[in-house]
Amino acid sequence: MSQAKKAKEFAALHVKGIPLILYNAWDAGSAKAIADAGAKAIATSSWSVAAAQGYSDGEDLPVEIAEQIAGRIASSVNIPVTVDFEGGYSDDDEKLASNISKLLGLGVIGINFEDRVVKGKGLYDIDRQAKRIAAIRRAAERENIPFFINARTDVFFGNGADVEEALQREKAYAAAGASCFFIPGLTDADQIKRIANEASLPVNVMVIDGMPSSDELATLGVARVSYGPIPYIETMDALQKKAAKVFS
């Protein structure tokens, strides 16, 4: 399947009320296991990818290693692969576009792209983040790939938790070329429903404590559910317990 066809297939999996489930991977081995289990697509978790290499989340993992892992995953499975690329590893739009072009060259069909200032404080203002998204879209269009940009807002991760601001960001990000709106940290059912109803983009949530059930998320209009670092954490916990028995 061509990269462009994978990108189109991935976009088509985002249906309001029938959420795509993404059990996030961290390397080629975990991606293959998840694909063999029946996943329709592979998504990475930046937290998990970094932890698996001995780094902290927040772009501490060198971009060259992040790209290498993304490429290995994309070449190891025959389903769409989207990468959690945090803030794109640059504040400069030209460098950001270059980084995206490299991912495209590796066979990746989409990214998570967050509005948190990764190496600073707070969030990019709405207009600035929209311009960053537009730069990514232009880079993808030059390669003729319908790249899936999952625009993540960290409004609900210690940045005010204002639904009105989130909706303003969704509108601007959609106009700039985003494909989906990711709202990690939000668990309130009424607020999730409001955003899903008012957003023009499909809405993505992340599984955390207090999150409504998958069935309820479907009724709320969610189109995508991500497990984030949970698969890695649970796998490492199981490994540690197995190892403890060996060494006891």
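Thresholds, definitions, all that
- Residues numbered from 1 in each chain as written.
- Predicted model: local features only at pLDDT ≥ 70, side-chain atom pairs only at ≥ 80, totals over all residues.
- Heavy atoms only, no water.
- Helix = DSSP H or I, 4+ residues; strand = E, 2+ residues; numbered from the N terminus.
- Rg over C-alpha atoms; globule rule 2.2 N^0.38 Å.
- Buried < 20%, exposed > 50% of the residue type's maximum accessible area, 1.4 Å probe, protein only.
- Contact = heavy atoms within 4.5 Å.
- Areas by Shrake-Rupley, 256 points an atom, 1.4 Å probe, with all protein chains shown as cover.
- Lys, Arg positive; Asp, Glu negative; His and termini not counted.
- Charge placed at Lys NZ, Arg CZ, Asp CG, Glu CD.
- Core = buried A, V, L, I, M, F, W, Y, C linked by side-chain atoms within 4.5 Å.
- Pairing = 2+ DSSP bridges.
- Right-handed = clockwise from strand over helix to strand, strands pointing away.

## Side note on the overall build of the protein chain
No. 1: Each helix and strand counted, the protein chain has 10 helices and eight strands in total.
No. 2: Taken over C-alpha atoms, the radius of gyration comes to 17 Å for the protein chain, in line with the 18 Å a tight globule of 248 residues would show.
No. 3: On the principal axes, the C-alpha backbone points of the protein chain span a range of 55 × 40 × 35 Å.
No. 4: In the protein chain, which comprises 248 residues, the proportion classed as buried is 51%.
No. 5: Here the contacts in the protein chain between residues at least 6 apart in sequence split such that 67% fall between residues at least 24 apart.
No. 6: Here the protein chain displays about 11200 Å² of accessible surface, and carbon together with sulfur accounts for 50% of that area.
No. 7: In the protein chain, the 27 positive side-chain charges and the 33 negative ones have mean positions that sit 5 Å from each other.

## Some details on the nonpolar core
No. 1: Formed by 75 residues in total, the largest nonpolar core has its most connected members in Ile42, Ile100, Phe147, Ile195 and Val205.
No. 2: Every residue in contact with Ile100, bar those within four places of it in the chain, is listed here: Phe85, Ile111, Ile136, Ala139 and Phe147.

## Let's talk about the pairing of strand S7 (residues 203-206)
No. 1: What you see with S7 is no split at all: Val203 and Val205 on one side and Asn204 and Met206 on the other are buried throughout.
No. 2: Where strand S6 (residues 180-182) lies against S7, two bridges are found, and the strand directions are parallel. Bridging from a neighbouring strand, Phe182 pairs with Asn204 of S7.
No. 3: Regarding the hand of the β-α-β motif, the stretch spanning S6, helix H8 (residues 189-198) and S7 is right-handed.
No. 4: Where S7 and strand S8 (residues 224-226) come together, three bridges link them in parallel fashion. Across the sheet, residue Val205 finds its bridge partner in S8, namely Val225.

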